Amino acid sequence: MTVPSAFQTPGDHVNLPDLLPPAWRAELTPFLDPAATEALGSFVAEQYAQHTVYPPVEDLFAAYRLCPPERTRVLLLGQDPYHGPGQAHGLSFSVREGVRVPPSLRNVYKELAADVGVPPATSGDLTGWARQGVLLLNAVLTVRAGAAASHKNRGWEVFTDATIRALNARRERVVFLLWGSYARKKAALVTNPAHTVIESGHPSPLNGGKDFLGARMFSAANKALADAGRPPIDWDPRAAAEAGA
């Protein structure tokens, strides 16, 4: 990804859809509000130019780059990126190889083991899921270093809602995994009966695992895909990463 000069020069503007892979840009454009998207581009360019912002700009649209719309089988929605150094790399719930697995992801791994028998991984890198067709999307795609939710309500929600609407318009089944009260509100955007919405509590330890541990959403997602004639997801991040390497 070529980094526009706007990300280094305060006051400049960047057209965010231009940074998307062409297939996603075509899918999202009918659902984007031009004025809101322009305002968001100015805000994001200013933030990257003036502050430390995560993920690194080259990873801003990593979820879209790794998971084209025609291959998307599951959308897993997070809230906003990790705000610590070296954590966020453009995929919801995921951290780079070598970074300590965050508490929420440890609960995800615990549920994976109970649901589909996947032993907990030592790496928190979920790139292998993305390569298989799991769109690891956050509702807000950027955050200022050390300041959780600092870019909330600045326009990203409209942009990522457009992503959900674009997937909703597709004919082939997409499974929407919505974890926690924030994500579950997005169920209202999924109106196409071809698709499946699976809701649960959030995996955060702050939630105590309530309505998440024991929800068996991974096997339910694969059943929904199989029922529609789509291949299942290999939920073992290690095997999936090796296959996609």
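Residues numbered from 1 in each chain as written. Predicted model: local features only at pLDDT ≥ 70, side-chain atom pairs only at ≥ 80, totals over all residues. Heavy atoms only, no water.

1. Thoughts on the sheet that holds strand E6 (residues 196-200)
1) Next: With parallel pairing, the 4 strands of this open sheet are ordered in space as E3-E2-E5-E6. On the outer flanks of this sheet lie strand E3 (134-138) and E6, each paired with one strand and no other. Averaged over all pairs of adjacent strands, the angle between strand axes in this sheet comes to 20 degrees, irrespective of strand direction.
2) Next: One ladder, built from 4 bridges, connects strand E2 (residues 74-78) with strand E5 (residues 175-179); its direction is parallel. If you follow Leu75 over to E5, its bridge partner there is Phe176.
3) Next: Contacting E2, E3 and E5, helix H6 (residues 156-168) runs over the sheet at an angle of about 155 degrees to E3.
4) Next: Docked against the sheet, helix H8 (residues 217-227) engages E2, E5 and E6, running at close to 160 degrees with respect to E5. (Pairing = 2+ DSSP bridges. Helix = DSSP H or I, 4+ residues; strand = E, 2+ residues; numbered from the N terminus. Axes fitted to C-alpha atoms, helices over the stretch in contact; angles between N-to-C directions. Contact = heavy atoms within 4.5 Å.)

2. A word on the side chain of Asp161
1) Next: The residue Asp161 is located in helix H6 in this model.
2) Next: According to the relative accessible area criterion, Asp161 is buried, its value standing at 16%.
3) Next: For Asp161, the side chain forms a polar contact with the side chain of Lys186, separated by 2.8 Å. (Buried < 20%, exposed > 50% of the residue type's maximum accessible area, 1.4 Å probe, protein only. Polar contact = N/O pair within 3.5 Å; in protein donor to acceptor, adjacent residues only side chain to side chain.)

3. Comments concerning unusual backbone geometry
1) Next: The peptide bond linking Tyr54 to Pro55 adopts the cis configuration, its omega dihedral lying at -5 degrees.
2) Next: Summarising the element assignment, Pro55 is placed in the loop between strand E1 (53-54) and helix H3 (62-66).
3) Next: With a phi angle near 70 degrees, Phe93 is a residue other than glycine that sits in the positive phi range.
4) Next: Relative to the assigned elements, Phe93 resides in the loop between E2 and helix H4 (103-116).
5) Next: For Phe93, a relative accessible area of 9% gives the class buried.
6) Next: Its identity is not glycine, yet Asn153 carries a phi of approximately 60 degrees, on the positive side.
7) Next: When you line up the elements, Asn153 lands in the loop between strand E4 (143-144) and H6.
8) Next: With a relative accessible area of 60%, Asn153 lands in the exposed category.

Just geometry here; none of it tells us what the structure is for.
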